[in-house]
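Structural features, examined
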Amino acid sequence: MFKLLIFTLVGVGAQLVDGALGMAFGVTATTLLVFSGVGPAHASAAVHFAEVGTTLASGASHWRFRNIDWALVLRLGVPGAIGAFLGATVLSQLSTAAAVPVTSTILLAIGVYVLLRFSIRPPAVNDARTSPHTAKFLSPLGLFGGFIDASGGGGWGPITTSTLLSRGKTAPRTVIGSVSASEFLVSAAASIGFIFGLGSDFFDNIPIIAGLALGGIIAAPLAAWLVSRVPATLLGTGVGGIIIITNAQKLFKTFDVTGVAATLGYLALVAVWAGLLVVAWRRSRLSAAEAAGDLHRIDAENGTPIESEAPSLEPSTGEKA
């Protein structure tokens, strides 16, 4: 019962991140599961099996709101599924001792990516509802993203969504909807890979899967509230720093980095993280100020210009307008 509570809390934390950022459920959940003592292969297997249902529901919702470019889904998702199956197979064959540094290194790298992605200048925005990217570009991206996602326990969204948004050639809603729909193929292929790789041990993950699903359901409304209150730049920078420090702790422990060296390492990471949090906070304030300025201009265009609020200097004629 206590373990189910822990896994439910992990699901809550991961859903809060994913619901607010539109990515990073897998990398957050896997990081927290590994930190709580679950083996990397079992953590990734449980996360991907839980994501089969969540990504199907997400894809259906995006389809309903016409946020999907099916050509993009196939060109990205099919190679992604192949990469995920290979990644799951590779991770399943590694011993727990060997898998921890591999998974933690991948997660730490993704954490750095997320940290920089949300603290540095946001990508350009385009309104194109269909993607101009060809299979020549999307296939390697999907293959790499799927392999990293399964072998590292997460990363499909941070890698593919961020890459496509940074290109600025497709509307954000189409990118997010299409990546979410293609993630169903990735999660299903990874789950099949883990079933083959782990055998009957795969079903030991049922309590983890149940906890993640329950936590995700509980946190969904709170995540919707959070995204309307906390700027994505600030939240993404915060989450990226947590992922980095958590996995750095695992790597320090694995390679027996202790004492002064470990302390200096943590201080350096926290200092960089704090600096980027300040950058993200300033950027969010600037964006809010610019948005307020746009609303002010819109009000003027709707017939309430600033000048109309000032007292008139013309002498009164005594006539009514």
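Residues numbered from 1 in each chain as written. Predicted model: local features only at pLDDT ≥ 70, side-chain atom pairs only at ≥ 80, totals over all residues. Heavy atoms only, no water.

Concerning the nonpolar core
Among the nonpolar cores identified, the biggest contains 36 residues, and Leu76, Leu164 and Phe194 are the most heavily contacted of them. Elements supplying a minimum of two residues to this core: helix H3 (40-64), helix H4 (70-93), helix H5 (96-119), helix H6 (135-152), helix H7 (156-167), helix H8 (172-198) and helix H10 (232-254). Examining the composition of this core, we find that seven residues originate from one element, H8, more than from any other. If you look at the next biggest cluster of nonpolar residues, it comprises 15 residues, including Val10, Ala29, Ala50 and Ile208. (Core = buried A, V, L, I, M, F, W, Y, C linked by side-chain atoms within 4.5 Å. Buried < 20%, exposed > 50% of the residue type's maximum accessible area, 1.4 Å probe, protein only. Helix = DSSP H or I, 4+ residues; strand = E, 2+ residues; numbered from the N terminus.)

Quick look at the packing of aromatic side chains
What the rule picks out here adds up to four aromatic pairs. A centroid spacing of 5.6 Å and a plane angle of 90 degrees characterise the contact between Phe202 and Phe203, whose relative ring orientation is edge-to-face. The buried category is assigned to Phe202, whose relative accessible area is 2%. Overall, the relative accessible area of 52% leaves Phe203 in the exposed class. With a centroid separation of 5.1 Å and an interplanar angle of 70 degrees, the aromatic rings of Phe252 and Tyr266 are classed as edge-to-face. Here Phe252 is found in helix H10, whereas its partner Tyr266 is found in helix H11 (residues 259-301), with 14 residues between them in sequence. A relative accessible area of 27% places Tyr266 in the partly exposed class. Connected via pairs of aromatic rings, a cluster forms that spans Phe49, Phe202 and Phe203. (Phe/Tyr/Trp six-rings, centres within 6.5 Å; stacked < 30°, edge-to-face > 60°.)

Remarks on the side chain of Asp69
You can see Asp69 is positioned in the loop between H3 and H4. Once you skip the residues sitting within four places of it in the chain, Asp69 turns out to touch Arg129, Thr130, Ser131, Thr174 and Ser178. (Contact = heavy atoms within 4.5 Å.)

Structural notes on the UniProt feature "transmembrane region" (unreviewed entry) in the protein chain
Annotation from UniProt places "transmembrane region" (unreviewed entry) at residues 70-91, 97-116, 175-196, 208-227, 234-252 and 258-281. Secondary structure over residues 97-116 splits into 100% helix and 0% strand, and the C-alpha atoms at its two ends are 30 Å apart. Taken as a whole, residues 175-196 contains 100% helix and 0% strand, while its terminal C-alpha atoms sit 32 Å from one another. (UniProt positions renumbered as here; feature names shortened; annotations may be inferred.)

A few points about the side chain of Thr163
Locating Thr163 in the fold gives a position in helix H7. Classification of Thr163 as buried rests on a relative accessible area of 19%. Residue contacts for Thr163: discarding those within four places in its chain leaves Tyr113, Phe137 and Leu141.

A look at the environment of Asn67
Within the secondary structure, Asn67 is located in the loop between H3 and H4. Accessibility expressed as a relative area gives 11% for Asn67, which makes it buried. With 110 residues separating them in the primary sequence, Asn67 and Gly177 have C-alpha atoms 5.0 Å apart.

What about H7?
Given a rise of 1.5 Å per residue, 12 residues ought to cover 16 Å, and the 17 Å separating the end C-alpha atoms of H7 matches this to within 8%. Counting buried residues in H7 gives 10 out of 12 residues, a clear majority hidden from the surface. On the buried face of H7, the contacting elements are H4, H5, H6 and H8. Looking one or two places after H7, you find Gly168, whose phi comes out positive at around 65 degrees. (Expected span 1.5 Å × (residues − 1).)

Here we look at the packing of H7 against H8
At a minimum axis distance of 10 Å, the contact between H7 and H8 shows a crossing angle of 150 degrees. Overall, the two elements H7 and H8 adopt an arrangement that is roughly antiparallel. Viewed along their axes, H7 and H8 form a crossing whose handedness is right-handed. Counting all contacts with H7, which are made through Trp156, Thr160, Thr161, Leu164 and Leu165, the residues of H8 involved are Pro172, Val175, Ile176, Val179, Ser182, Glu183 and Val186. (Axes fitted to C-alpha atoms, helices over the stretch in contact; angles between N-to-C directions. Parallel < 35°, antiparallel > 145°, perpendicular 65-115°, else oblique. Left-handed = near helix turned anticlockwise from the far one by under 90°.)

A closer look at H8
The terminal C-alpha atoms of H8, which comprises 27 residues, lie 37 Å apart, in line with the 39 Å expected from a rise of 1.5 Å per residue. Following H8 by one or two positions, Gly199 adopts a phi angle in the positive range, close to 65 degrees.

Looking at unusual backbone geometry
Positive phi, close to 60 degrees, is recorded for Arg66, a residue that is not glycine. Topologically, Arg66 is positioned in the loop between H3 and H4. The phi torsion at Asp256 lies on the positive side, around 55 degrees, for a residue other than glycine. On the secondary structure map, Asp256 appears in the loop between H10 and H11. The class of Asp256 is exposed, set by a relative accessible area of 61%.

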